[in-house]
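One letter stands for each residue in the lines below.
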Amino acid sequence: MTEHVRRELTGGIMTLTIARPDKKNALNEAMYAALSDGLELAERDPAVRVVLFQGEGDSFTAGNDLAVFRTASNGQDGPDEAFRFIGNLGRATKPLVAAVQGNAVGIGTTMLLHCDLVFLAADAKLMAPFVNLALVPEAASTWLLPARIGHVRAYAMFALGEPLDAASALTCGLANAVVPRAELHAKARSAAEALAKRPAGSLSHTKSLMRETERIASQISRERALFGERLQSAEAHEAFAAFAERRPPDFSKLSG
Ligand code: COA
């Protein structure tokens, strides 16, 4: 267990709160494990009808803890729990709702492609700067994001790290509504409550008809193979060292 993820169950809604605000809710392996445990429990427990993701502080999440990536790029333990979480998102059969404020980086954005209702605070900023980190995108986002917002917009997010602000994300169909920050959690909670009152069997069949879970799983595994290779690359090593040393990366002398 970790104190950086809180799990509560009330009224059929399992709320998973990411709570590491001093690090912009960056997700380390223990936090991914807690989120995965929550999703796995939700699948098993009929008392859970909806899962609601939210974050404490000014950011939803800054994505993967880059210290974990740096360790993995040095040949040590990899982000296995991150991939367990991604697999669980792809397989989830219960409704997933997200309340997103501030920065939603990396998995903070790609996980939204697996959520069924998404609410953004007006200050939300979706970012998927995988190429800036010399990585490849994950969570089947290489298929799901272009399918949602078109190739060129998705490519600009992945390759150039271009952020999508809340209004644009709404226009692109990545969110249901943009609300003032102060109303975000109540708005998402009330949507989750509405889902919790719907017939669970019908919801689960509807979700499964709307998602190609086998294709999602196969895209996740293709991405994972390349992600693992990229983590060991000299380019990624430079990207993580640069973040730790608070300097821009220099890829100019590296060939790939
Ligand atoms: N991993 C580890 N620590 C992170 C982090 C991450 N992904 N993102 C932020 N932090 C830490 C910072 O190192 C800093 O720690 P410190 O106070 O001990 O120095 C703290 O969180 C605050 O971050 P800071 O960069 O000062 O906040 P900001 O408001 O200026 O910028 C972000 C916020 C999210 C835009 C910026 O932190 C960022 O780009 N982070 C990296 C995001 C990323 O690339 N994630 C991986 C995606 S796959």
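A.B. asks: An account of the pattern of salt bridges is needed here, citing residue identities and associated values.
C.D. replies: Tallied over the full model, the rule gives 15 salt bridges. Residue Arg-20 pairs with Asp-65 through a salt bridge whose shortest N-O separation is 2.9 Å. Of this pair, Arg-20 sits in the loop between strand E2 (13-18) and helix H1 (29-44) while Asp-65 sits in the loop between strand E3 (50-55) and helix H2 (66-73), and the two are 45 residues apart along the sequence. As far as the burial class goes, Arg-20 and Asp-65 line up, both buried. Notably, a salt bridge pairs Glu-81 with Arg-84, separated by 2.8 Å at the nearest N-O pair. You can see Glu-81 and its partner Arg-84 sitting in helix H3 (residues 80-91), three residues apart, about one turn around the helix. Note on Arg-84: relative accessible area 25%, which makes it partly exposed. It is possible to trace a salt-bridge network through shared partners that takes in Asp-37, Glu-40, Glu-81 and Arg-84.

A.B. asks: Give me the packing of H1 against H3: which residues, what numbers.
C.D. replies: Contact geometry of H1 with H3 gives a least axis separation of 8 Å together with a crossing angle of 25°. Regarding the angle of H1 to H3, the classification is roughly parallel. Note that H1 runs across H3; the crossing there is left-handed. Along its contact with H1, which presents Glu-29, Tyr-32, Ala-33, Leu-35, Ser-36, Asp-37, Leu-39 and Glu-40, the element H3 presents Asp-80, Glu-81, Ala-82, Arg-84, Phe-85, Asn-88 and Leu-89.

A.B. asks: Before we move on, can you summarise the layout of surface pockets with the specific residues and values?
C.D. replies: Its boundaries defined by the atoms lining it, the largest pocket holds a volume of some 840 Å³. Of all the secondary-structure elements, those providing two or more residues to the lining of the largest pocket are H2 and helix H11 (234-244). No other element matches the five residues that H11 contributes to the lining of the largest pocket. Along the wall of the second largest pocket there are 21 residues; nearest its centre are Cys-115, Asp-116, Lys-207, Met-210 and Arg-211. Here the residues of the lining of the second largest pocket are counted per class, giving eleven nonpolar, four polar and six charged.

A.B. asks: Account for the packing of helix H5 (residues 141-149) against helix H6 (residues 151-160), naming residues and giving values.
C.D. replies: At their nearest, the axes of H5 and H6 sit 7 Å apart, and the two run at 130° to each other. On the basis of their axis angle, the class for H5 and H6 is oblique. Crossing of H5 against H6: the hand is right-handed. Between H5 and H6, the contacting residues are Ser-141, Thr-142, Leu-145, Pro-146 and Ile-149 on the first element and His-151, Arg-153, Ala-154, Met-157 and Phe-158 on the second.

A.B. asks: Give a description of the sheet that holds E3 that names residues and reports values.
C.D. replies: An order of E1-E2-E3-E4-E6-E9 is seen for the six strands of this open sheet, with the pairing classed as mixed. If you trace the sheet from one side to the other, it starts and ends with strand E1 (5-10) and strand E9 (177-179), each paired once. Adjacent strand axes in the sheet meet at a mean angle of 20°, parallel and antiparallel pairs treated alike.

A.B. asks: Residue-level account of the sheet that holds strand E8 (residues 164-165), with values.
C.D. replies: With mixed pairing, three strands are arranged side by side in an open sheet as E5-E7-E8. The outermost strands of the open sheet, each flanked by one partner alone, are strand E5 (103-105) and E8. Across two bridges, strand E7 (residues 125-127) lies against E8 in antiparallel orientation. Following the sheet pairing, Leu-126 is matched in E8 by Leu-164.

A.B. asks: Can you lay out the site of the ligand for me, pointing to particular residues and giving the numbers?
C.D. replies: Lys-23, Ala-62, Asn-64, Leu-66 and Arg-246 are the nearest of the 15 residues found near the ligand. Taking Ala-62, its main chain carries an N or O atom lying 2.8 Å from a nitrogen atom of the ligand. A distance of 2.9 Å separates a nitrogen atom of the ligand from a polar atom in the backbone of Leu-66. Relative to its free-state accessible area of 870 Å², the ligand is covered by the protein chains to the extent of 66%. With respect to the detected pockets, the ligand is housed in the largest pocket.

About the thresholds
- Residues numbered from 1 in each chain as written.
- Predicted model: local features only at pLDDT ≥ 70, side-chain atom pairs only at ≥ 80, totals over all residues.
- Heavy atoms only, no water.
- Salt bridge = Lys/Arg side-chain N within 4 Å of Asp/Glu carboxyl O.
- Helix = DSSP H or I, 4+ residues; strand = E, 2+ residues; numbered from the N terminus.
- Buried < 20%, exposed > 50% of the residue type's maximum accessible area, 1.4 Å probe, protein only.
- Axes fitted to C-alpha atoms, helices over the stretch in contact; angles between N-to-C directions.
- Parallel < 35°, antiparallel > 145°, perpendicular 65-115°, else oblique.
- Left-handed = near helix turned anticlockwise from the far one by under 90°.
- Contact = heavy atoms within 4.5 Å.
- 1 Å grid on protein atoms, 1.4 Å probe; cavity = no way out; pocket = protein on both sides within 12 Å on 5 of 7 lines; lining within 4 Å.
- Points joined across faces, edges and corners; volume = space filled by probe spheres on them.
- Nonpolar A, V, L, I, M, F, W, Y, C, P; charged D, E, K, R; others polar.
- Pairing = 2+ DSSP bridges.
- Near = heavy atom within 4 Å.
- Polar contact = N/O pair within 3.5 Å; in protein donor to acceptor, adjacent residues only side chain to side chain.
- Areas by Shrake-Rupley, 256 points an atom, 1.4 Å probe, with all protein chains shown as cover.
- Sits in = over half its atoms within 2 Å of the grid points.

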